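# Examining the three-dimensional arrangement
One-letter residues, chain by chain:
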Amino acid sequence: MLFRRLAEYFQQLESTTLRNKLTEILADLFKEAGKGEIGKLCYLLQGRVAPLYEAIEFGMGEKMVIRAIASGTGLETEAVLKIFKNKGDLGETVEEIKSAKSLPCRQAGVKRKAERKINIKEVYEILYKMAEAGGEGSQDGKIQYLGNLIKEVDPLSAKYIIKIAIAKLRLGFSDMTILDSLSWMIDGTKASRSQIEKAYNVRPDLGDISEVIKEKGIRGLGNITPEVGTPILMARAERMTSGRDIIEKIGKCAIEPKYDGFRVQVHFSKSKFNPPAGGPIYKKKDENLHLFKEDERFIRLFSRNLEDVTKMYPDIVEGAKKQIKAKEAILEGEAIAYNPKTGVYLPFQETVQRKRKYNISEKAKEVPLRLFAFDILYLDGQNLLPLSYVKRREILENTIGKGETILIAREEIVSTPKELEEIFEESVKQGLEGVMAKKLEGVYRAGARDFNWIKYKKSYASKLADTIDAVVMGYDLGQGKRTGFGIGGFLIGLYDPKKEKFVTVSKIGTGLTDEEWKQLKLRTKNQKLRTKPKNYEVDNMMECDVWVEPKIVVEIRADEITRSPVHTAGRVMKPSKSGSAYDVEVPGFALRFPRLERFRGDKKPQDATTVSEIQRMYGMQYG
Ligand code: ATP
């Protein structure tokens, strides 16, 4: 398939916001793509060259891309900059220059040069090399790759190649729309979507999944099982507010402490090709690279939002090397920092201090981590996801050898509400967050939130059941004292997977410390947008001075969930009688006295509390 053809699809996709239409266009594109192409396409559609969980980025800023455009078009960088200032978008800038349309181009003597027909595989390979290039002199190398590519392609292709390189390709859909489109590709319906999603939850690599479907059809997905190096979407817990409710729901169950740290999925192999830590894992597929050496171990640590955090936690890596007794394993646990002198576990705020990019090893000695392992998902070729909790737990206990870093989560089996409440009270007294109740025969449902796991937290006794994780969508410029921070109030929202949109729940203007305002300003600095994104549903009353990318997740505590016509979470509109506008049929959910609890760098925007969870929490307040 020619890249030019893909660029035409990009153009079509950019011009629609309707989800069904997006799905159909993508399905047409997937039909047209061949084996060996569709996987690469799935990455390119997201402006990437690898699945989202791989830490591989282009790392090119505006200045570098402008230099590449200059080198690819023969224009001076000053002239490129001038056109860019006018257009405001580097993709459009290169398109204009390449088609030699505008006056500055003609003045600069730009002519359309001969172009080569270039297919998507070739473009992909070059983009991959660009992303992979690191170290000294890599900037010049990247600019050269990009410049040469721009030289050879037509204006429309150049536009999208540049948008990809500068990470500005925003087509307005998520992995979920791609899953729908893969189903649509097969038979023009969404009938296979749930089967595809099941495979995706175990192996969230759209490149892999789409190639399997292309080659073997839906039946091929049956062979998708956990693979060391590819994170599995983590299972989540439902909430309940009493021991009685829990026992009624799942009967006799296992109770584990709810440790307040951060979730880690450990991937371990003794026999896998071993790419350098932090490098792209894809190399495992290239037989000539990074051959396994006898004394090496392949270890990858993934966070809850599938970020590769291996480099940040060398102490867990060392612990895993020493304590995992298997050829290959994938297990999960909660990492928590402790004071090595007193052995006391530290509060979450101090645990997160360990997430850092610099001085990692000193900090690891000062504030070491322990990992409380609570599940195992894969062992030596055996997929453990369909096994019961009891069986998995037994395997886990047999897989972890003695040592100080990895400990097995404490567990007690209870059959009555009284026993459960006693353990809960005991845990709270010890300063834990509460307990996790686990259904004895429950399987591990990758990516799902269900009653196989139930969280019962002490905060449920307070006014509002739990904190809410929300996404910062925009902010107003500061007034009065806060002019100094440049932020007066910020709008927060949730992700609504049904609408594939971010919907609002609150605008927060008070309750932050000076340091928190500063942090917020800093975190939003590189996320500013020129216009409101098309996947934001915001009432006119809640418009913001500045819109930001939906990337910053904040944990919010509030006194109560209320209903409000000016917030769009859960809001339903109906055409007004006059027919020209809409009226609120059901008001949205809003937060009363919201305040910032902490920044949640470990969560993706899609992991924010969902509208249906808010709805349930709203119900619990009065339950
Ligand atoms: P969620 O993961 O449910 O979306 P969250 O990240 O805000 O929400 P909580 O609601 O506090 O976290 O509870 C679930 C989390 O509790 C798990 O993701 C895990 O990190 C942590 N946890 C602590 N102890 C355990 C345990 N024994 N079993 C499972 N999870 C545990």
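Structurally, R170 can be placed in the loop between α10 (155–165) and α11 (175–187). In this structure R170 comes out as partly exposed when scored by relative accessible area, which is 35%. Between the C-alpha atoms of R170 and L13, which are 157 residues apart in sequence, the distance is 9.6 Å. Leaving out residues up to four positions away in the same chain, R170 has contacts with L529 and E549. A polar contact is formed between the side chain of R170 and the side chain of E549, at a distance of 2.4 Å.

With 79 residues, the main nonpolar core has F30 and L146 as its most contacted residues. Here this core gets 8 residues from one element, more than from any other, and that element is helix α8 (residues 120–132).

Here the focus is the site of the ligand. Not every one of the 18 residues close to the ligand is listed here, only the nearest: K258, R304, E334, K438 and K455. With respect to the ligand, the side chain of K258 contributes an N or O atom lying 2.7 Å from an oxygen atom. One of the side-chain N or O atoms of E334 is found 2.4 Å from an oxygen atom in the ligand. Coverage of the ligand by the protein amounts to 93% of the 590 Å² it exposes when considered alone. Of all the secondary structure elements, the ones that give two or more residues to the shell around the ligand are β2 (253–257), β10 (434–439) and β11 (449–457). Taken together, the residues of the shell around the ligand sort by class into 5 nonpolar, no polar and 13 charged. Summarising the domain contributions, the shell around the ligand has at least three residues from each of domain 2 (236–457) and domain 3 (468–621).

This brings us to the environment of I166. Within the element layout of this structure, I166 appears in the loop between α10 and α11. Residues contacting I166, with those up to four places away along its chain left out, are M60, G61, E62, V65 and L90.

The periodicity of an α-helix, 3.6 residues per turn, causes residues three or four places apart in sequence to face the same way. Listed in full, the buried residues belonging to helix α14 (residues 243–250) are G243, I246, I247 and I250. End-on view of α14: buried residues confined to an arc of 95 degrees, all on one side of the axis. Opposite its buried face, α14 presents the exposed residues R244 and E248, each directed more than 90 degrees away. Tucked into the core, α14 has its buried residues touching β2, β9 (412–414), α19 (417–429), β10 and β11. With its phi angle positive at about 70 degrees, G251 sits one or two positions after the end of α14.

What follows concerns the sheet that holds β11. Reading across the sheet, the 5 strands line up as β1-β11-β10-β2-β9 and stay open at both edges, with mixed pairing between neighbours. For this open sheet the edge positions go to β1 (236–239) and β9, each flanked by a neighbour on one side alone. The average undirected angle you get between the axes of adjacent strands in this sheet is 40 degrees. Together, β2, β9, β10 and β11 form the strand contacts of α19, whose direction differs from that of β10 by roughly 145 degrees.

What counts and what doesn't
- Within every chain, residues take consecutive numbers counted from 1 along the sequence as written.
- Thresholds applied to this predicted model are a pLDDT of at least 70 for local features of residues and 80 or more for the giving and counting of side-chain atom pairs; totals over whole chains, interfaces and linings are not thresholded and use all residues.
- In computing side-chain values, all of the structure's heavy atoms are included and hydrogens and water are not.
- In this description a helix means any DSSP run of H or I spanning at least four residues, a strand means any run of E spanning at least two, and both kinds are numbered starting from the N terminus.
- Buried, partly exposed and exposed residues are distinguished by accessible area as a fraction of the type maximum, computed with a 1.4 Å probe on protein chains only: under 20%, between the cut-offs, and over 50%, respectively.
- In this description, contact between two residues means that some pair of their heavy atoms is separated by no more than 4.5 Å.
- Identification of polar contacts relies on pairs of N or O atoms within 3.5 Å, with a donor-acceptor requirement for protein atoms, meaning one able to donate a hydrogen and the other able to accept it, and with residues adjacent in sequence counted only if both atoms are side-chain atoms.
- Take the buried residues of types Ala, Val, Leu, Ile, Met, Phe, Trp, Tyr and Cys, join any two whose side-chain atoms come within 4.5 Å, and each joined set is a nonpolar core.
- When we say a residue is near a molecule or strand, we mean one of its heavy atoms is within 4 Å of it.
- Accessible surface area values rest on a Shrake-Rupley calculation with a 1.4 Å probe, where residue burial reflects the displayed protein chains alone.
- The residue classification treats Ala, Val, Leu, Ile, Met, Phe, Trp, Tyr, Cys and Pro as nonpolar and Asp, Glu, Lys and Arg as charged. All others, Gly included, are polar.
- Where a domain begins and ends is set by an automatic assignment or by a domain database.
- Throughout, the arc means the angular range of directions from the helix axis out to the C-beta atoms.
- Any two strands between which DSSP finds at least two bridges are classified as paired.
- Orientation is described by lines fitted to C-alpha atoms, with helices fitted over the stretch in contact, and by angles between N-to-C directions that extend from 0 to 180 degrees.

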